[in-house]
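Here are the chains, one letter per residue:
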There are 2 protein chains.
Amino acid sequence: MSKKFQKLLSQRTLNMQSNAIREILAVVSQPGMISLAGGIPAPQSFPLEDLYRINETVLDRYGAAALQYDLTEGFTPFREALVDYLSAKQVQTSAEDILVFNGSQSVLDTLAKVLITPGDFVALESPSYLGAITAFNAYEPRYVDIETDDEGIIPESLVKLLEKRSVKFIYLVSTFQNPTGRTLSASRRREVAEIVKRFEALVIEDDPYSDLRYRGEPIAPFFTFAPENTVYVSTVSKVFAPGLRLGFCIAPKAIHHWMRIAKQGADLHSNTYAQALATEYIRGGYLDRQLPKIIDLYRPRQEAMLAAMDEFMPKVYRWTKPEGGMFIWIDGPDGLDAEEIYWKAVDQKVAFVPGKYFFIDQKAGLGTMRLNFTMSDESTIVRAIEILARVIGEHSGD
Amino acid sequence: MSKKFQKLLSQRTLNMQSNAIREILAVVSQPGMISLAGGIPAPQSFPLEDLYRINETVLDRYGAAALQYDLTEGFTPFREALVDYLSAKQVQTSAEDILVFNGSQSVLDTLAKVLITPGDFVALESPSYLGAITAFNAYEPRYVDIETDDEGIIPESLVKLLEKRSVKFIYLVSTFQNPTGRTLSASRRREVAEIVKRFEALVIEDDPYSDLRYRGEPIAPFFTFAPENTVYVSTVSKVFAPGLRLGFCIAPKAIHHWMRIAKQGADLHSNTYAQALATEYIRGGYLDRQLPKIIDLYRPRQEAMLAAMDEFMPKVYRWTKPEGGMFIWIDGPDGLDAEEIYWKAVDQKVAFVPGKYFFIDQKAGLGTMRLNFTMSDESTIVRAIEILARVIGEHSGD
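Residues numbered from 1 in each chain as written. Chains lettered and ligands numbered in written order. Predicted model: local features only at pLDDT ≥ 70, side-chain atom pairs only at ≥ 80, totals over all residues. Heavy atoms only, no water.

Undergrad: Would you explain helix α3 (residues 48-62) of chain B in this entry?
TA: Every α-helix winds through 3.6 residues per turn, so residues three or four apart in the chain are directed the same way. In a regular helix each residue adds 1.5 Å, so 15 residues correspond to 21 Å; α3(B) covers 21 Å between its end C-alpha atoms and thus fits that length. Within α3(B), the full set of buried residues consists of Leu51(B), Ile54(B), Asn55(B), Val58(B), Leu59(B) and Tyr62(B). Contacts from the buried residues of α3(B) go to α3 (48-62) and α10 (272-283) of chain A together with α4 (76-87), α10 (272-283) and α11 (286-312) of chain B. With its phi angle positive at about 55°, Gly63(B) sits one or two positions after the end of α3(B). (Helix = DSSP H or I, 4+ residues; strand = E, 2+ residues; numbered from the N terminus. Expected span 1.5 Å × (residues − 1). Buried < 20%, exposed > 50% of the residue type's maximum accessible area, 1.4 Å probe, protein only. Contact = heavy atoms within 4.5 Å.)

Printed below as a string of structure tokens:
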């Protein structure tokens, strides 16, 4: 890269690293590759036909207001529609408490901007969502890990951490976590809520996946257990369309206030037209009709993946069996470096994400892998798992 | 405000100030107020009827791709359409060199994020665009002023500044500046270009208004005089719709690289659907048909304002007579505090922005005012200027 203007870069930029995961995933777009690496919704999940009608409704109903500058906090009809949508998830709130952003990624960026002074500590699940870490990195925090098991973060690990350190916030993907697919159980939510209240700590609960439930009963968001200590973050990306870039949050008053000020400086407000589309998608009953279709699309894909893994994977491998979401997480035997499997699988035209990239201490996750099941149909998934299992079998025979 | 979680705020947030201009402009939304205070396009300038057709074209042509996650650098067809649009403004570029953001505000935010370490110097025109200052503030720079006259920044003032200080960048609104309406003349562009090349300095040229030309000949953007030392920033907000939040920039390679990385962490990418709408708005010839209509809407408003000022304003007042844009700038006699005029005018139901808010050193702009002419029709504008002139006359008679 050109050296010109390197001297103009900020300290923050000099600390940014190019993304190692991007480099290894560059091969994923090769022709013929079956990718279990992504984390994106299937295009078949989008309500494409409905959008012809929804666009007309938006132009008829809101006219120029859908194209004009608008409030930093978000388009009022959208925030009102979100109140009803959230109420069905047991999240009681009001339009005034909601802030709309450009996807949940920009909620995370703004939270970090408002909360992190370089050197501050942020507590993460181990492993944790990589996109969040990327957002936080620009503000130069240090990270501390919270241990997790199949029920999510382990309360004792959190207590030990909070006794030792003052952290700016604890970041959790509470339901069908990215990357593991795990869900913080209801009893754990209660325990963790008590802990954060006791320590006057702040939790950022990122909840993009809870609507994608294929089995079992919904669990109320962590927010409902500790609303005064939680920033609740979600998005319409998984239930409407990620390309609209609409995320939102509910935050304690002091944080809400500064997030709005910070957002005003950063981008004035989010796309009014996209917010109007999402308003009518929710209000017009389209979401209620579309969500079962999305679930009917993904459930058999996940079932196909889990069945194929039961059939083909070596018995020494363990994996999660989430009731929803987009991912399955594999934990291989001691001594495995899943990146070696990755390159061999890619040779056989199957890609996934080596799990170590989701760990602050990559050594803790050497033997893990993240598999996505939303982007391929059932027969492709079965074929991919069969190939992956064969590669794994051959690798252990090396 | 609640004190809870105040202790969690970052150093950067503790330095943010609530916006004084917002406080005084709170009265603008009172019923019956004629506002010359805003800086927003008239809703009549939006191609509302065309959008029914443009939406259909987008859904037919791009389908699910218009709703899906997309490249951080921007939707490729949009960047390709921008290449043609920019070529008509003498800006020669390629799709690979363009980065798309959520309005030009988020270009400015990202530039500041990538370039400013707290304490760095940023050079501003005096007066300068307030939204830019708000964006930069979050990254804690110090500001230095460049003196200006009717032709824009004064080259000698810039040289003196650059000899004394190393600045991260020089921020210019080169054509029909906000707040003054002034344009950096062609000969000044050449002089300033030579200076920034000599000092290896970086200019951020913000160019939202140059398409709104009502008289005279276009001047090539500053970028064309020093492309290797300029980040060219623009937006479709003034020629299509601000609610879509689409801005973009062309930047030197090293800065382009880090802006893309920073944007990926901040919001992944900008709204795909809005970019597809803007693509078809440009490609389908709608822009070429709409822009003359926008100019036909604004030109008589500006002419009405200038004529009314000639007729009613005290002779000791001076004002700019821009060939385009959205603003006229008034400079009152020595000793005037235009905020006193502001409150008296507001009593008579006319609002504007006291100009001092656009100065780093507010004392330098006490006697100035910014008037917008895009949001009211001609007769309303004439009435407002008549009232304002009367208030001014009575004030000087105090």
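Moving on, there is more to tell.
Undergrad: Hey, could you run me through the sheet that holds strand β11 (residues 318-319) of chain B in this one?
TA: Through backbone hydrogen bonds, the strands of a sheet pair up, either in parallel or in antiparallel fashion. All names here are of chain B. Taken in spatial order, the four strands make up an open sheet running β11-β12-β15-β14, and their pairing is antiparallel. Of all strands in the sheet, those with a lone pairing partner are β11 and β14 (353-354), marking the two edges. The pairing of β14 with strand β15 (residues 368-372) spans two bridges and is antiparallel. Along β15, the bridge assignment pairs Pro 354 with Met 369. (Pairing = 2+ DSSP bridges.)

Undergrad: Explain the relation of the copies chain B and chain A to me, please; I cannot follow it from the model alone.
TA: Between the two copies of this chain, the relationship is a rotation about some axis together with a displacement along it. Mapping chain B onto chain A calls for a rotation angle of 180° and an axial translation of 0.0 Å; the resulting RMSD is 0.0 Å. The superposition of one copy onto the other is thereby described by a two-fold rotation axis. It is Asn55(B) whose C-alpha, among those of chain B, lies nearest the rotation axis, at 3.5 Å. Take the interface residues of chain B: 100% of them recur as interface residues in chain A, which is what a same-surface contact looks like. (Least-squares fit on C-alpha atoms with pLDDT ≥ 70 in both.)

Undergrad: Any chance you could explain unusual backbone geometry here in plain terms?
TA: Only a minority of non-glycine residues have a phi that is not negative, and only a minority of peptide bonds are not trans. Going from Ser126(A) to Pro127(A), the amide bond is cis rather than trans, its omega being 5°. Tracing the sequence through the fold places Pro127(A) in the loop between β3 (121-125) and α6 (130-137). Backbone geometry at Gln90(B) places phi at a positive 70°, although glycine is not the residue there. Along the chain, Gln90(B) turns up in the loop between α4 and β2 (98-101). Of note in this structure, Glu200(B) is not a glycine but carries a positive phi near 50°. By the element assignment, Glu200(B) lies in the loop between α8 (186-198) and β8 (203-206). A relative accessible area of 49% means that Glu200(B) is categorised as partly exposed.

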